[in-house]
Amino acid sequence: MKAFKKCEMCSAKVPVEQCEFATQKRIINGKEYVFCCVRCAESFEKSKK
Ligand SMILES: [Zn+2]
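Residues numbered from 1 in each chain as written. Predicted model: local features only at pLDDT ≥ 70, side-chain atom pairs only at ≥ 80, totals over all residues.

## Quick look at the pairing of strand E3 (residues 24-28)
Defined as follows: Pairing between two strands is assigned when DSSP locates at least 2 bridges connecting them. Helix and strand labels come from DSSP, where a helix needs a run of H or I of at least four residues and a strand needs a run of E of at least two; each type is numbered from the N terminus.
One ladder, built from 5 bridges, connects E3 with strand E4 (residues 31-35); its direction is antiparallel. Within the sheet, the bridge partner assigned to Ile28 lies in E4 and is Lys31. Linking E3 to E4, which pair antiparallel, is a turn of 2 residues; within it Asn29 sits at a positive phi near 55°.

Put into structure tokens, the structure is as follows:
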């Protein structure tokens, strides 16, 4: 069974079946967000601050 989450920044599909550490997760303002890459995570984080 394949599970995907959408990258909050670019809407790319992020597979969640892989190792947890391979997924870019950030807790921003108490909410968990998933990203496809570090670059997306950082730009989203900046836009939230
Ligand atoms: Zn992305």
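## As for the nonpolar core
A general feature of soluble globular proteins is that nonpolar side chains tend to end up buried together. Rules: Think of a nonpolar core as buried Ala, Val, Leu, Ile, Met, Phe, Trp, Tyr and Cys residues, each tied to the set through C-beta atoms within 7 Å. Any residue with 12 or fewer other C-beta atoms within 10 Å of its own C-beta is exposed, any with 20 or more is buried, and the rest are partly exposed; the C-beta atoms used are placed from the backbone. Residue pairs are scored as contacts if the distance between their C-beta atoms, which are placed from the backbone, is within 7 Å.
Grouped together as the largest cluster of nonpolar side chains are 6 residues: Met9, Val14, Phe35, Cys36, Cys40 and Ala41. Those residues in contact with Met9 that lie beyond four places of it in its chain are Phe35, Cys40, Ser43 and Phe44.

## A few points about the environment of Lys48
Within the fold, Lys48 resides in helix H1 (residues 38-48). Considered as a pair, Lys48 and Asn29 are 19 residues apart in the sequence and their alpha carbons are 8.6 Å apart. Each residue touching Lys48, except ones within four places of it in the same chain, is listed here: Ile28 and Asn29.

## A few points about the environment of Ala41
Relative to the helices and strands, Ala41 resides in helix H1. Looking at Ala41, the number of C-beta atoms within 10 Å reads 20, which means it is buried. As for Ala41 and Arg26, which are separated by 15 residues in sequence, their C-alpha atoms are 7.0 Å apart. Not counting chain neighbours up to four residues away, the residues in contact with Ala41 comprise Gln24, Arg26 and Phe35.

## Here we look at the confidence of the model for the protein
For clarity, the cut-off: A score between 0 and 100, pLDDT records how confident the predictor is in each residue.
Summing up the model confidence of the protein, the mean pLDDT is 86 and the portion of residues at 70 or higher is 86%. Of all the helices and strands in the protein, strand E2 (residues 13-15) carries the lowest mean pLDDT, 87, while H1 carries the highest, 93.

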